[in-house]
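Overview (structure and organization)
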Amino acid sequence: MKYQYDCVVLGTGNAGLCAAISAVQSGCDASRVLVIEKAPIEWAGGNSYFTAGAFRTYHGGMQDLLPVVKKVEKDQARLDRMEMDPYTKEQFAEDILRLGGRRSNMALVNTVVGDSREVVSWLAEDIGVRYVFSTHRQAYETDGKLKFWGGVVLAVQDGGKGLVKDLMDKANALGIQFKWGTSVVGLVLEGGACIRGIKIIGASDSSKEDIINTRAVIMACGGYEANEDMRAKYLGPGWRRAHVRGTPYNKGDGFKLVLDLPPNLRPQLVGDWAGCHSTCWDFNSPEDRGTRDITHAYTKSGYPLGLMVNSQGRRYVDEGADFRNYTYAIYGRATMAQPGGFAFQIWDKKGKEMLRVEEYGDDVTQKIEASSVEELAEMLTKEGLVDSAAFLETVEEYNEAVGAFQKEFPQHSFDPAAKDGLGTQSSTHSLAIPKSNWARTLDKAPFVAVKITCGITFTFGGLPIDPVTAAVLKPDGQKIDGLFCTGEMVGDLYWGNYPGGSGLTAGAAFGRRAGKEVGRLANTSSNL
């Protein structure tokens, strides 16, 4: 059989574009690699566009990574101020495992971790992705030094916008083909055992169904986070009110495609289908989609510097349990569970001065500012605070606990770039919910609050894949001929939580592997 394409990729996010580029680099003719996107071109990039562009990788320190950032990082004085500890393969794997309750598929973890360093070099050197050292998000200045924390040191210049631009520029330069505004409504089988095409409907004529024949299909079309009904089914009814952080087009379409396959091919749904990446998100953001100019800036991740209280005036999480990029993906869920599905982040002058402008600038969020805690409580009652007396009691008890801890343990001092142990639990005072690190009194005016809700980023449940080729697996564990999967659709990698920056890395790693395998098939198949 003569195929129209060597490969069809579904989705224009990081994972899909990496797969398409890898396929061409591995032997496919670019004119025979087609990327199909459900969204119009104005929404190119899927959820990747809405990220901060962080990539987690193991590394040996700054000298190891300088070749990756050399296109942008040319200021030696700035580089000289950086302090960056090595981050090993073992640390990376352990971060995924510990945050997921040790339920993650170890073969998938090993692929992501093992490929990560080579992948960022490939993206930088072969594709032209403009990496920087992420001092704006992953470092604090202490004693004149920019000290990194949380295991992530790399990001793309201009975040997800920059990443999508760099990938699209490379794909277009190679001559890869694109179809925009096109829905895939079915997979085409050959002999009842192989995937050899797709059924599509174009935006211009929804009544016309066409078939595209291809040797392989790579699904990179996202999870179901923008599908209100699927969120309610798998995450719970309360998730209907979650705000969608990214593209409104990730509705679980890829899962529908595979569930329509015959039983001998239909893969099992694996992984954490009740779990997702969800963050503290600006309450005043749009509900059903992200904003392409603001993108990730609606994230509100400054909570380790202050407190979070619900509408009843009570704290509900340990704001200092771990570095932000190990807790931010679960604190959206915790916020969703509060009465009314919202809460308030609060700081005094000390915390306010450390908030990132990109998330808390006046042009991004509405801040409520007061000259006293009592005034702040009164102002918050107009924003949904039900029990102002409980709010005042919460702050008072917290301040007393912090003071008692500092008196009993004077050796601890505030260090935002380390888990400093500056907490709230002492022999005389103990909070029901501790703050384990970065606990400082809220006692310096002005006092500031921001109203937050839950923003859902991506879902964790997905499809089983071969960790070497990213081929989708049949119920018997064998690979489906002609069907591959990468990005958010991969299941059994993340459970409950994830380490920040590992999602883009995983999408690129499995996308690259899928592209390599498709290239190998194109070179060896007698049908082409």
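Please refer to the structure placed before this passage.
What comes next concerns the included structure. Every value quoted in this text rests on a predicted model; they were computed, and no experiment measured them.

On to the overall build of the protein, then. Per the secondary structure count, the protein includes 15 helices and 21 strands. Split into buried and exposed, the 528 residues of the protein put 62% on the buried side. Of the contacts formed within the protein by residues at least 6 apart in sequence, a portion of 75% connects residues at least 24 apart. For the protein, the exposed area adds up to about 19400 Å²; of that, 49% sits on carbon and sulfur atoms. The centroid of the 59 positive side-chain charges in the protein is displaced by 4 Å from the centroid of its 65 negative side-chain charges.

Evaluated as defined, the whole model comprises zero disulfides. Between Cys28, a cysteine without a disulfide, and Cys7, which holds the nearest cysteine sulfur, the sulfur-to-sulfur distance is 5.9 Å. Accessibility expressed as a relative area gives 4% for Cys28, which makes it buried. A disulfide-free cysteine, Cys221 has its sulfur positioned 7.8 Å from the sulfur of Cys485, the nearest such atom.

Running from N to C, helix α1 (residues 14–25) and helix α7 (residues 159–174) point in directions that differ by 30 degrees, and their axes come no closer than 10 Å. By the criterion of interaxial angle, the relationship of α1 to α7 is roughly parallel. The hand of the α1/α7 crossing is left-handed. Contacts from Asn14, Leu17, Cys18, Ile21, Val24 and Gln25 of α1 reach α7 at Leu163, Leu167, Met168, Lys170, Ala171 and Leu174. For the contact of α1 with α7, the class distribution of residues is nine nonpolar, two polar and one charged.

The subject of this paragraph is the pairing of strand β17 (residues 343–347). Judged by how many residues are buried, β17 sits mostly within the fold: five of five residues are covered. Relative to β17, strand β16 (residues 307–310) runs antiparallel, the two sharing four bridges. Counterpart to Leu307 in the pairing with β17 is Ile346. Pairing of β17 with strand β19 (residues 447–459), which is carried by five bridges, proceeds in the antiparallel orientation. Bridge pairing in β19 links Phe344 to Lys451.

Quick notes on the rules
- Residues numbered from 1 in each chain as written.
- Predicted model: local features only at pLDDT ≥ 70, side-chain atom pairs only at ≥ 80, totals over all residues.
- Heavy atoms only, no water.
- Helix = DSSP H or I, 4+ residues; strand = E, 2+ residues; numbered from the N terminus.
- Buried < 20%, exposed > 50% of the residue type's maximum accessible area, 1.4 Å probe, protein only.
- Contact = heavy atoms within 4.5 Å.
- Areas by Shrake-Rupley, 256 points an atom, 1.4 Å probe, with all protein chains shown as cover.
- Lys, Arg positive; Asp, Glu negative; His and termini not counted.
- Charge placed at Lys NZ, Arg CZ, Asp CG, Glu CD.
- Disulfide = S-S within 2.5 Å.
- Axes fitted to C-alpha atoms, helices over the stretch in contact; angles between N-to-C directions.
- Parallel < 35°, antiparallel > 145°, perpendicular 65-115°, else oblique.
- Left-handed = near helix turned anticlockwise from the far one by under 90°.
- Nonpolar A, V, L, I, M, F, W, Y, C, P; charged D, E, K, R; others polar.
- Pairing = 2+ DSSP bridges.

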